[in-house]
Amino acid sequence: QVQLVESGGGLVQAGGSLKLSCAASGRTFSSYDMGWFRQAPGKEREFVAAIRWNGGTTYYADSVKGRFTISRDNAKNTVFLQMNSLKFEDTAVYYCAAALPRRTGRWVDVFLVSNPNYWGQGTQVTVSS
């Protein structure tokens, strides 16, 4: 069982930055691939970024590539999402998710196609224009 708690959301002006954190419970955090998703009002939840269990590989949605950076600190059981050059359309509730690594196929498909094993409760990010 993994429990995820996001923090770091808030109100920021367009062009500004925020850094989200997701703290995980349990001693097996380093075994999980981690991802960030977001859901804007009236829209479906969408994938934002993911990182492999060892931090060696990352993957981003086209909409955030070059502006957002996902990272992790396995010693602190935490995954981060650094968000720069924020836009109004980045406004959403941001969720982190944990997934056991896939045994076959692309590692990121557990976030793009399947469902991760665990989800956090979300943190609100509001970007004012």
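Above: the structure in question.
Scoring rules and cut-offs
In this numbering scheme, every chain counts its residues from 1 along its sequence in written order. Under the rules for a predicted model, residues below a pLDDT of 70 receive no local features and side-chain atom pairs below 80 are neither given nor counted, while totals for whole chains, interfaces and linings still include all residues. To get the side-chain values, all heavy atoms of the structure are used, and hydrogens and water are removed first. Excluding any residue in a salt bridge, patches collect residues exceeding 30% relative accessible area, merging like charges within 9 Å and nonpolar Val, Leu, Ile, Met, Phe, Trp and Tyr side chains within 5 Å. Accessible areas in this description were obtained via Shrake-Rupley with a 1.4 Å probe; residue shielding takes into account the shown protein chains only. By convention in these notes, a salt bridge is any Lys or Arg side-chain nitrogen within 4 Å of a carboxyl oxygen on Asp or Glu. Starting at the N terminus, helices and strands are each numbered in turn, a helix being any DSSP run of H or I of at least four residues and a strand any DSSP run of E of at least two. Pairs of strands are assigned from DSSP output, requiring at least two bridges between the strands. Axis definition: a line fitted to C-alpha atoms, limited for helices to the stretch in contact. Angles are taken between N-to-C directions and run from 0 to 180 degrees. The buried label applies to any residue whose accessible area, calculated with a 1.4 Å probe on protein chains only, is under 20% of its type's maximum; exposed applies above 50%, and partly exposed to all values in between. In this description, a disulfide is simply a cysteine sulfur pair whose atoms lie within 2.5 Å. Definition used in this section: a nonpolar core is a set of buried Ala, Val, Leu, Ile, Met, Phe, Trp, Tyr and Cys residues joined via side-chain atoms within 4.5 Å.

Novice: Before we move on, could you go through a nonpolar patch on the surface and cite the residues and values that matter?
Specialist: The grouping of Tyr-59, Leu-112 and Val-113 at the surface amounts to a nonpolar patch, some 260 Å² of accessible area in total. Tracing the sequence through the fold places Val-113 in the loop between α1 (109-112) and β10 (118-119).

Novice: Can you explain the sheet that holds strand β7 (residues 68-73)? Please cite residues and give values.
Specialist: Read across the sheet, 4 strands follow the order β1-β3-β8-β7 without closing on themselves; strand pairing throughout is antiparallel. Either end of the sheet is taken by a strand with one partner, and the two such strands are β1 (4-7) and β7. Strand-to-strand twist in this sheet, taken as the mean axis angle between neighbours without regard to direction, amounts to 15°. Bridge count between strand β3 (residues 18-24) and strand β8 (residues 78-83): 6 bridges; the pairing is antiparallel. Bridge pairing links Ser-21 to Phe-80 in β8.

Novice: For the pattern of salt bridges, give the residues involved together with the corresponding values.
Specialist: Counting across every chain of the model gives 6 salt bridges. Of the charged contacts in the structure, one is a salt bridge between Arg-67 and Asp-90, with a shortest N-O distance of 2.7 Å. Taken as a pair, Arg-67 in the loop between β6 (58-60) and β7 and Asp-90 in the loop between β8 and β9 (92-99) lie far apart in primary sequence, 23 residues in all. The pair formed by Arg-67 and Asp-90 is uniform in burial state, with each residue classed as buried. By sharing partners, the salt bridges in this structure join Arg-38, Glu-46, Arg-67 and Asp-90 into a single network.

Novice: Just give me the short version of the state of the cysteines, but keep the residues and values in it.
Specialist: One pass over the full model with this rule turns up 1 disulfide. With its sulfur 1.9 Å from that of its partner, Cys-22 forms a disulfide with Cys-96. Its S-S torsion of about 40° marks the bond between Cys-22 and Cys-96 as right-handed, since a negative value means left-handed. On the criterion of sequence distance, the pair formed by Cys-22 in strand β3 and Cys-96 in strand β9 is long-range, its members being 74 residues apart.

Novice: Please set out the nonpolar core residue by residue, giving values where relevant.
Specialist: The biggest cluster of nonpolar side chains holds 40 residues, and the ones touching the most others in it are Leu-4, Met-34, Trp-36, Leu-81, Met-83, Tyr-94 and Phe-111. Put simply, the parts of the chain that give this core at least two residues each are β3, β4 (33-39), β5 (46-51), β7, β8, β9, α1 and β11 (123-128). No other element matches the 6 residues that β9 contributes to this core.

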